[in-house]
Amino acid sequence: MLLRIHRQNKPLVNGNVYLSFIFALYYNRTKEDTRMFRILIAEDDPSTARLLCAIVKRAGYEPLIAADGVQALEMLDHNHIDLLLCDVMMPRMDGFTLTRTIRESGSMLPILMLTAKDMPQDKHMGFIVGTDDYMTKPPDRQELVPVSYTHLRAHETRGNIV
C-alpha cells in the first residue's frame, strides 16, 4: 500500500490532518490492495445505521446492516464479514453479549464497538468481552474510517482474511 505523508509549512488544523490521512489511505491503494472489505453494522437505530452505512460506502467498503445482535450472528453465519461495527444497546442481544459469543466461537473477527455508553466501566466491559476498539457516538467519520482501516489491515496481515 502506498502511504503518502502530506507536509505543509503552516500548522494543520485537526480536520485537515485527518483528511490528508484519509486521502493517503483510500485514494492511493495499490493493485493488490483493492479487495473490497465487507463491514457488518449491528445497529438498531435506523438513522444511525444509515449514517454508518454512508460512511462505510464512502470509504470504499461494502456495508451490511443488522438490526440487533441475533440478526448479526445470523448474518455472520451466512456471509463473509471482514469487520463488525457494533452498538452496545440493542434489542434481543446486546453488543457485549454479541461480542462475547463471537469470541467464544474462536473467531478473531475485528470488532469495533460504537456506542452511546461512554462510562469507563462500559469501555472496560467492552474490552473484557473481546472488542478490538471502543468508540462513542456520535460517530466521527474522521476517526472511524482510519481506525476501521487499521483493524482491517492488521487482521489481514495476520492471515485471517481469505
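Residues numbered from 1 in each chain as written. Predicted model: local features only at pLDDT ≥ 70, side-chain atom pairs only at ≥ 80, totals over all residues. Heavy atoms only, no water.

Novice: Would you mind showing me how to read the sheet that holds strand β4 (residues 111-115) here?
Specialist: A sheet is described by the order of its strands in space; here 5 strands give the open sequence β2-β1-β3-β4-β5, paired in parallel fashion. Looking at strand neighbours, the two that pair on one side only are β2 (62-66) and β5 (133-136), the edges of this open sheet. Across this sheet, the average inter-strand angle for adjacent strands is 20°, counted without regard to direction. The sheet contact formed by strand β3 (residues 83-86) and β4 spans 3 bridges and is parallel. (Pairing = 2+ DSSP bridges. Helix = DSSP H or I, 4+ residues; strand = E, 2+ residues; numbered from the N terminus. Axes fitted to C-alpha atoms, helices over the stretch in contact; angles between N-to-C directions.)

Novice: Can you help me understand the confidence of the model for the chain in this one?
Specialist: Detailed reading of the predicted coordinates is not advisable wherever pLDDT is low. Residues with a pLDDT of 70 or more make up 68% of the chain, whose mean pLDDT is 77. When mean pLDDT is taken per element in the chain, helix α3 (residues 69-78) scores highest with 96 and helix α1 (residues 14-26) scores lowest with 40. Below pLDDT 50 for its whole length, residues 1-34 participates in 37 contacts with residues either more than four positions away or in separate chains. (pLDDT = per-residue confidence, 0-100. Contact = heavy atoms within 4.5 Å.)

Novice: How should the layout of surface pockets be read in this particular structure?
Specialist: A water-sized probe rolled over the atoms picks out the places where empty space is left. A volume near 150 Å³ is recorded for the largest pocket. In this structure, the largest pocket is lined by L73, L76, D77, N79, H80, I81, T101, I102, S105, S107 and L109. When contributions to the lining of the largest pocket are tallied by element, the ones reaching two or more residues are α3 and α4 (95-104). With 3 residues, α3 is the largest single contributor of residues to the lining of the largest pocket. Across the lining of the largest pocket, the residue classes break down as 5 nonpolar, 5 polar and 1 charged. (1 Å grid on protein atoms, 1.4 Å probe; cavity = no way out; pocket = protein on both sides within 12 Å on 5 of 7 lines; lining within 4 Å. Points joined across faces, edges and corners; volume = space filled by probe spheres on them. Nonpolar A, V, L, I, M, F, W, Y, C, P; charged D, E, K, R; others polar.)

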